[in-house]
Amino acid sequence: MPKPSNDGVSSSPDSTLSGGGETASSTDNPGRSSRSSGATAGSAAAGGDTTTDAAGDPGRRPSDSGGRTVSARKKQYVIAPRQPDGLQAMSFQPLQFSALEQALRSSNDIEVVDTVGPKSVLGALADGMGGSQGVLVARMTEQKAAVLHQQGQGRLLVENDQHLNLMDPALRQPAMVTGVMSTSGGPVLNAVVSVIGKDGAPQAEAEVSLFGSMLPASGVTDANGQVTLSLFGETPESVRGLYVKPKSDYWSFYQRDPDISTDEANVVTLRALSDWPSLAGFPRQRAYGWGQKAMRLDQLPGNYRGQGIKIAIIDSGAATTHANLKGIKAGFDVLNKKTNPDGWDQDTLGHGSHCAGVIAAADIASGIRGFAPDAEVHACKLFPGGQISQLIDALEYCIDKQIDVVNLSLGGAEVSEALEQQIVRAKRAGIACIVAAGNSGGAVQYPASSPNVLAVAAVGKLDEFPADSYHAQTLDQNVDAYGYFTAKFSCFGPQVAVCAPGVAITSCVPPNNFAAWDGTSMATPHVTGLAALTLAHHPDFQSPQYKARGAERVERLFQIIRASAHRVSLADQSRTGFGLPDVLVAVGLQNQANQQPAQVAPQQAGVMSPMMASPQLGGALGGAMGNPMSGLMGGGAVYDPLGLDVARAAQMAAYGTQWPLHMGRFPLPQPYTPIMW
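Position labels on residues start from 1 in each chain and follow its written sequence. In keeping with the model being predicted, local features are shown solely for residues with a pLDDT of at least 70 and side-chain atom pairs are shown and tallied solely at 80 or more, while totals for entire chains, interfaces and linings include all residues. Heavy atoms throughout the structure, all of them, feed into the side-chain values; hydrogens and water do not.

Looking at the overall build of the protein
Secondary structure follows DSSP: runs of H or I at least 4 residues long count as helices, runs of E at least 2 residues long count as strands, and numbering of each begins at the N terminus. Looking only at helices and strands, the protein has 17 helices and 27 strands in total. Burial status follows relative accessibility: with a 1.4 Å probe on protein chains alone, a residue under 20% of its type maximum counts as buried, one over 50% as exposed, and anything between as partly exposed. With 677 residues in all, the protein has 54% of them scored as buried. Long-range contacts, defined here as pairs at least 24 residues apart, represent 74% of the contacts in the protein between residues at least 6 apart. When the accessible surface of the protein is split by element, carbon and sulfur atoms take 52% of a total near 28,200 Å². What makes two residues a contact is simply this: any of their non-hydrogen atoms within 4.5 Å. Where accessible areas are quoted, they stem from the Shrake-Rupley method and a 1.4 Å probe; at the residue level, only the protein chains shown are allowed to cover.

Written out as structure tokens, the structure reads:
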């Protein structure tokens, strides 16, 4: 038996990757193996009864129909040396990791599909550590991955290369197989939905969904603006919701308990974005989004434009066909890096373009203006289909290009130690990662849950969207005196640093249009843009201490952003963090003491006073007074649970809920559950 090397992995491909008793198969049959001990993993699970197919693959039975039995496929894994505390383990030297790569490539049943590492000497030395080896991406069976992980003896990361999600609302899929199934003899509801816009113009490519008591029916309108949907096992009386999401330029539509006809077309007339008072004349006349005004971007002097700062948006690309995004000149298509690395300017999803508009839309006469229109923006295309290994590669690009701020409106289902090592490395290189908290309505997702990033939750504001739009479905009971509320979909937890506008956010979509979307995906670019302004204009970052790239610079940036925030909504801090950041405070033009709220409203019973904006002070006073509501209210705010703001009650009634006592009646269907950060 070959002698193991110092890194705990045998230098022989056969012995290293065979897992002891498992021997690699011949090259004529890659991906299959047998155990000399007799029992296989499949036989153990099946109680010892196994069948081998004609190709010699245990556990796969030939199909009588001439096909093949479905079984688990090979999976893609990220393989990297573990670096305790972010430091390179002494037992892993570059030469030994190269030997591991050679061993993997020599194995008959392992396919190395990519190597991700520093793109230049500058990238290799950027974090001040040097000697970064990167990661390997390989395809293999779960059993082979388990063997490799075991033989790494805790010093080798072998992780599933999980797929990532964008953080905005997406159609809910059935969580489990339902026990109720419609039979061929059951009722079928067929409904034609016709979607029109201004002057009766048919709206093509609008997403339409009908929701009943079982599975929903969804479709996309044709050139005539029509779609036919079929709900099995439903009647017109059991339909619980109708949702329409236009492609662009119109508000969404949602009707609870709709009156659906099966005899004639059901017409939905959408409202144009420009019909809303705050967007009058849009997009012919330039406008600030409500979120930008809430953060006081519109009060910032005109010469504060983010000059000299580099921003990377790791997303679905950026459509430079858009008049507001023509200034984006650089990027990297991670998905097609071997065939078309310059394909970053093609955005089939529109998600990256929407984020880019909030961050850096050009300051021209039409459309919207971004936070930092003079910043240098790099669009890294990771979607559709992005994986952990490709995000690591995108961050490698950011390190190489000396990016200052990265917008990550994305997330995964599980924590990745390999990705965390790259985030730490990026932070040491002076890169600040601003990450969406997630849209599942549960705990903060990863990588927003990382201690090395700034996590952003989403809030909304009354009177910034029509009551019959789907945006109203994001409303919860935590509405403050100024109309701010925490979005129902937004993830929460102690990792949330700040909140930002993430409901009914109007921004750019391809090819040269605009759309109002929801999500922590939309909240995060607000903070990314603010971070760019802070780095460009706050006096601290002109000093030698913080001008130099490094982790200390990133931490100071995060500290300033948190300190600039003021409390919004009546939710606890796990949902809003330090609150909504303020641009004027973040760039150093004002201090927190003389910061004013975006709107001034009279103090009334049952309303948190703006004077209690500090959660630390409020918490101390609340504790001293023995106030049982101090945790809920974020401190010593005086709270009367039976107090009623009559004006706010009328506004809440327009959105179909109760105020101030929320009884959980709103809404019934939840057609879109956010899965993107």
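Some details on the sheet that holds strand S3 (residues 75-81)
Paired strands, as defined in this entry, are two strands with at least two bridges between them according to DSSP. A sheet is described by the order of its strands in space; here four strands give the open sequence S4-S5-S3-S6, paired in antiparallel fashion. The outermost strands of the open sheet, each flanked by one partner alone, are strand S4 (111-116) and strand S6 (156-160). Averaged over all adjacent pairs, the angle separating strand axes in this sheet is 25 degrees, with direction ignored. By the bridge criterion, five bridges tie S3 to S6 in an arrangement that is antiparallel. Note on S6: the bridge partner recorded for Ile79 is Val158. Lines fitted to the C-alpha atoms define the axes, with helices restricted to the stretch that makes contact. Angles between their N-to-C directions range from 0 to 180 degrees.

A closer look at the environment of Arg155
By the secondary structure assignment, Arg155 is in the loop between helix H5 (142-151) and S6. Distance in space between the C-alpha atoms of Arg155 and Gln83 is 7.9 Å, their sequence separation being 72 residues.

Concerning the environment of Val227
Tracing the backbone shows Val227 in strand S12 (residues 226-232). When its relative accessible area of 9% is taken as the criterion, Val227 is described as buried. If sequence neighbours within four positions are ignored, Val227 has contacts with Ala191, Val192, Val193, Val208, Gly219, Val220 and Thr221.

Considering the packing of aromatic side chains
Here a Phe, Tyr or Trp ring, Trp counted by its six-membered ring, pairs with any other such ring whose centre lies within 6.5 Å, and the pair is stacked when the planes are under 30 degrees apart, edge-to-face when over 60, and tilted otherwise. Here the structure, examined in full by the defined rule, presents seven aromatic pairs. With a centroid separation of 5.7 Å and an interplanar angle of 70 degrees, the aromatic rings of Tyr254 and Tyr470 are classed as edge-to-face. Residue Tyr254 is found in strand S14 (residues 253-256), and its partner Tyr470 is found in the loop between strand S22 (454-461) and strand S23 (484-486); the two are separated by 216 residues along the sequence. Judged by its relative accessible area of 4%, Tyr254 falls in the buried class. Judged by relative accessible area, Tyr470 falls into the buried class, the value being 6%. Centre to centre, the rings of Phe465 and Phe485 are 6.3 Å apart; their planes meet at 85 degrees, and the pair counts as edge-to-face. Here Phe465, found in the loop between S22 and S23, pairs with Phe485, found in strand S23; they are 20 residues apart in sequence, far enough to count as distant. According to the relative accessible area criterion, Phe465 is buried, its value standing at 0%. Members of the aromatic cluster, joined through ring pairs, are Tyr243, Tyr254 and Tyr470.

Quick notes on the packing of helix H7 (residues 351-360) against helix H10 (residues 520-537)
It is at 8 Å that the axes of H7 and H10 come closest, and there the two elements cross at 35 degrees. Considering only the axes of H7 and H10, their crossing is right-handed. Facing His351, His354, Cys355, Val358 and Ile359 of H7, the residues of H10 in contact are Ser521, Met522, Pro525, His526, Thr528 and Gly529. Tallied by class, residues from the contact of H7 with H10 come to five nonpolar, six polar and no charged. Note on convention: the crossing is left-handed when the near helix lies turned anticlockwise from the far helix by less than a right angle, right-handed when the turn is clockwise. Following the grouping adopted for this structure description, the nonpolar residues are Ala, Val, Leu, Ile, Met, Phe, Trp, Tyr, Cys and Pro, the charged ones are Asp, Glu, Lys and Arg, and the polar ones are all others, Gly among them.

Examining the pattern of salt bridges
Any carboxyl oxygen of Asp or Glu that lies within 4 Å of a side-chain nitrogen of Lys or Arg is treated as forming a salt bridge with it. Enumeration according to the criterion identifies 18 salt bridges in this entry. A salt bridge links Asp374 to Arg305, with the shortest nitrogen-to-oxygen separation between them at 2.9 Å. Taken together, the residues span a long stretch of sequence, with Asp374 in the loop between H7 and strand S18 (376-381) and Arg305 in the loop between helix H6 (290-294) and strand S16 (310-315) at a distance of 69 residues. Asp404 is the partner of Arg553 in a salt bridge, and the nearest nitrogen-oxygen pair spans 3.2 Å. Here the residue Arg553 occupies a position in helix H12 (residues 551-564), and Asp404 occupies one in the loop between helix H8 (388-400) and strand S19 (405-408), the gap between them amounting to 149 residues. In this pair, the class of Arg553 matches that of Asp404, namely buried. Here the salt bridges do not stand alone but share partners, grouping Arg286, Arg305, Asp363 and Asp374 into one network.

Some thoughts on the nonpolar core
Buried Ala, Val, Leu, Ile, Met, Phe, Trp, Tyr and Cys residues that are joined via side-chain atoms within 4.5 Å together make up what is termed a nonpolar core. Ranked by internal contacts, the top residues of the largest apolar core, which has 129 residues, are Ile314, Leu391, Val406 and Val583. At nine residues, the largest contribution of residues to this core is made by H10. Ignoring any residue separated from it by four or fewer positions in sequence, one finds Ile314 in contact with Cys380, Leu382, Leu391, Ala394, Leu395, Cys398, Val406, Asn407, Leu408 and Leu410. By size, the runner-up hydrophobic cluster in this structure holds 20 residues, among which are Val227, Leu229, Leu231 and Val239.

A look at the packing of H8 against helix H9 (residues 417-428)
Two elements in contact, H8 and H9, have axes separated by 10 Å at closest approach and are oriented at 10 degrees. The angle between H8 and H9 falls in the class roughly parallel. In this structure, H8 uses Ile388, Leu391, Ile392, Leu395, Glu396 and Ile399 to contact H9, whose residues at the interface are Ala418, Leu419, Gln422, Ile423, Arg425 and Ala426. By residue class, the composition of the contact of H8 with H9 is nine nonpolar, one polar and two charged. Relative orientations are named as follows: roughly parallel for angles under 35 degrees, roughly antiparallel for angles over 145 degrees, roughly perpendicular for angles from 65 to 115 degrees, and oblique for any other angle.

Shape descriptors only; they carry no functional weight alone.
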